[in-house]
Amino acid sequence: MIVERPALERRVATSLDADRIPVLLGGCGSGRTSLLLRLEHELGAARSQYFDIAAAATTPERALRAVSASVRWRRAGSAAGDPASSARAAFDGLLALFDEAARNHGPLTFLFDEFLDVRTFESFPGLRHVQREWVDRLARSPARFVLSSRFTARVHRLLRDAPARFEVIHLPPLGVEEVEALAERVDAGRRGWAADVAPAVTALATGRAGAVMILLNWLASAGSATDPVAGVAALLAPDGQLTARCRESYEFRLQRARGYGALKAILGILAETEPLNLTEISQYLQRTPGSTKDYLSWLEDVDLITSQGKRYSFEDPLLRLYVRLYGRPVPPTDDDIVREVGAYARALLPQPRVPQPAVVIAGPAQESPRSGIIEID
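Residues numbered from 1 in each chain as written. Predicted model: local features only at pLDDT ≥ 70, side-chain atom pairs only at ≥ 80, totals over all residues. Heavy atoms only, no water.

Visitor: Would you explain the state of the cysteines in this entry?
Guide: Formally, a disulfide is one covalent bond, and it connects the sulfur atom of one cysteine to the sulfur atom of another. Overall, the coordinates contain 0 disulfides when judged by the stated rule. Its sulfur unpaired, Cys28 is 9.8 Å from the next cysteine sulfur, which belongs to Cys246. A residue is classified by how much of its surface remains accessible, and Cys28, at 15% relative accessible area, is buried. (Disulfide = S-S within 2.5 Å. Buried < 20%, exposed > 50% of the residue type's maximum accessible area, 1.4 Å probe, protein only.)

Visitor: Help me out: how do you make sense of the packing of helix H9 (residues 193-204) against helix H11 (residues 228-235) in this one?
Guide: When two helices pack together, their arrangement is captured by the angle between the axes and the distance separating the axes. Between H9 and H11, the least distance of the axes is 9 Å, while the angle of their chain directions is 40 degrees. Considering the angle they form, H9 stands oblique to H11. Contacts between H9 and H11 involve Val197, Ala200, Val201 and Leu204 from the first element and Pro228, Val229 and Val232 from the second. (Axes fitted to C-alpha atoms, helices over the stretch in contact; angles between N-to-C directions. Helix = DSSP H or I, 4+ residues; strand = E, 2+ residues; numbered from the N terminus. Parallel < 35°, antiparallel > 145°, perpendicular 65-115°, else oblique. Contact = heavy atoms within 4.5 Å.)

Visitor: Just checking my understanding: could you explain the side chain of Gln49 for this structure?
Guide: With respect to the helices and strands, Gln49 occurs in strand S2 (residues 48-52). Residue class for Gln49 comes out buried when judged on its relative accessible area of 6%. Excluding residues that lie within four positions of it along the chain, Gln49 makes contacts with Glu40, Ser70, Val71, Arg72, Trp73, Thr109, Phe110 and Leu111.

Visitor: How should I be thinking about the nonpolar core in this particular structure?
Guide: In this structure, Phe110, Phe112, Phe115, Trp134, Phe166 and Leu216 are the most contacted members of the largest nonpolar core, which totals 108 residues. When neighbours within four sequence positions are excluded, Phe110 is seen to be in contact with Gln49, Phe51, Val71, Trp73, Phe98, Ala101, Ala143, Arg144, Phe145 and Val146. Leu8, Leu35, Leu36 and Tyr50 belong to the second largest nonpolar core, which has 12 residues in total. (Core = buried A, V, L, I, M, F, W, Y, C linked by side-chain atoms within 4.5 Å.)

Visitor: What is the right way to look at unusual backbone geometry in this model?
Guide: Glycine aside, a negative phi is what most residues show, and trans is what most peptide bonds show. Note the cis peptide between Glu274 and Pro275, where omega equals 0 degrees. Relative to the assigned elements, Pro275 resides in the loop between helix H13 (260-272) and strand S6 (276-277). The phi dihedral of Glu114 falls on the positive side, at around 55 degrees, and the residue is not glycine. Structurally, the position occupied by Glu114 is in the loop between strand S3 (109-113) and helix H6 (130-140). In this model, Gln286 sits at a positive phi of 60 degrees, which is unusual for a non-glycine residue.

Visitor: Would you take a moment to explain helix H16 (residues 317-326) for this structure?
Guide: The α-helix advances 3.6 residues per turn, and as a result positions three or four apart in sequence lie on the same side. Burial analysis of H16 places 8 of its 10 residues in the buried class, the great majority of the element. On its buried face, H16 is in contact with H9, helix H10 (209-221), helix H12 (241-255), H13, strand S8 (311-314) and helix H17 (334-348). If you check the start of H16, you find a side-chain oxygen 3.0 Å away from the backbone N of Leu318, and it comes from Asp316. (Polar contact = N/O pair within 3.5 Å; in protein donor to acceptor, adjacent residues only side chain to side chain.)

Visitor: Please clarify how the packing of aromatic side chains should be interpreted in this entry.
Guide: Describing an aromatic ring pair means giving the distance of the ring centres and the angle of the ring planes. What the rule picks out here adds up to 17 aromatic pairs. For the pair Phe112 and Phe145, a centre-to-centre distance of 5.5 Å together with 40 degrees between the ring planes defines the contact as tilted. Remark: Phe145 occurs in strand S4 (residues 144-149) and Phe112 occurs in strand S3; sequence separation between them is 33 residues. Comparing Phe112 with Phe145 shows no difference in burial state: the two are buried. One aromatic cluster in this structure is built from Phe51, Trp73, Phe91, Phe98, Phe110, Phe112, Phe121, Trp134 and Phe145. (Phe/Tyr/Trp six-rings, centres within 6.5 Å; stacked < 30°, edge-to-face > 60°.)

Visitor: What exactly am I supposed to notice about the pairing of strand S5 (residues 166-170) here?
Guide: Working note: regular strand, side chains alternate between the two faces of the sheet. Most of S5 sits out of view: 5 of its 5 residues are buried. Side chains Phe166, Val168 and His170 of S5 all project onto a buried face; the interleaved residues Glu167 and Ile169 project onto the opposite face, where all are buried too. Sheet topology places strand S1 (residues 21-25) next to S5; 5 bridges connect them, and they run parallel. Note on S5: the bridge partner recorded for Ile21 is Phe166. (Pairing = 2+ DSSP bridges.)

Visitor: Could you clarify how one ought to interpret the packing of helix H8 (residues 176-186) against H9 in this entry?
Guide: Running from N to C, H8 and H9 cross one another at 130 degrees; their axes reach a closest spacing of 8 Å. If you check the angle between H8 and H9, you find them oblique. Where H8 crosses over H9, the two elements pack in a sense that is right-handed. Here Val176, Val179, Glu180, Ala183 and Glu184 of H8 come into contact with H9, specifically with Trp193, Ala194, Ala195, Val197, Ala198, Pro199, Val201 and Thr202. (Left-handed = near helix turned anticlockwise from the far one by under 90°.)

Dropping the structure here:
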């Protein structure tokens, strides 16, 4: 089910109408891809097209062939996948493809998911500053664009000196009313169920669309069960969908950062106690403050941690819970999951008393998870 966010879609449409380039920023599971697909649907296939840049960014030559074969508006008489003489020529051809389509077919909108992944091309000759070239070319293009990325810090750094055409829009977490509307779509048969579960689901999933949908689907499949805390516990079992989703986010971001082992150690430290300052972390890590500061900056670069008042903590509370459970050499027991999920729920839910989930592993069958910048918060 694609999450619908009409108000956010209208904000992006307004930005496009003002000839800006909206840049959608949100963490893993925040709903960026769903929003782009919804925008493609609303704008219409005749005037817009979605592209997954992460999937296309292999070599410049192969990317040019793949995109040329997929784009809906090719030059008359041109053959998809015309050979390029070099990596540089292929990248230039890729950029020209979108400009040419817009000039020949009127106003077109291209929706680029994970647009920062053009950085893959920087390992090829003559393409040392691909990301900067990409941004400069999009700003001058006759086409319209919507961009998205899960790497907030990196996008801010890239767009620091970018043309004023770019407008950064941070995807806000889902609110209770939005979660209630999703719950009604997931299970329309139970009267009052959506309103009952929406506040707790919103809090426990911290408003992240991916986690919200996983939890709502579990609750709907559980029949008479309406305890979201028990749902989180079941879904954080070793084979649970939330475990798989958190593992994907954790490993993806760490693999995009430097210092893999040391970064995992710092995340383990913060999973035990947060927030901590630089001195405290360096003492736990048994490394110098200078090297620890580098490690922390690399974690901030991929948005795994955040800093307030020089004290560091996880950016995503659910990911911190995952590290507490799985950042050790043996899988958690049922008792471990019950204890940790109970503490997590008590910290997030407004109720004075949150019951401990009685059942952890039992539950419905799991499926495999599938500057000139304008700021809008």
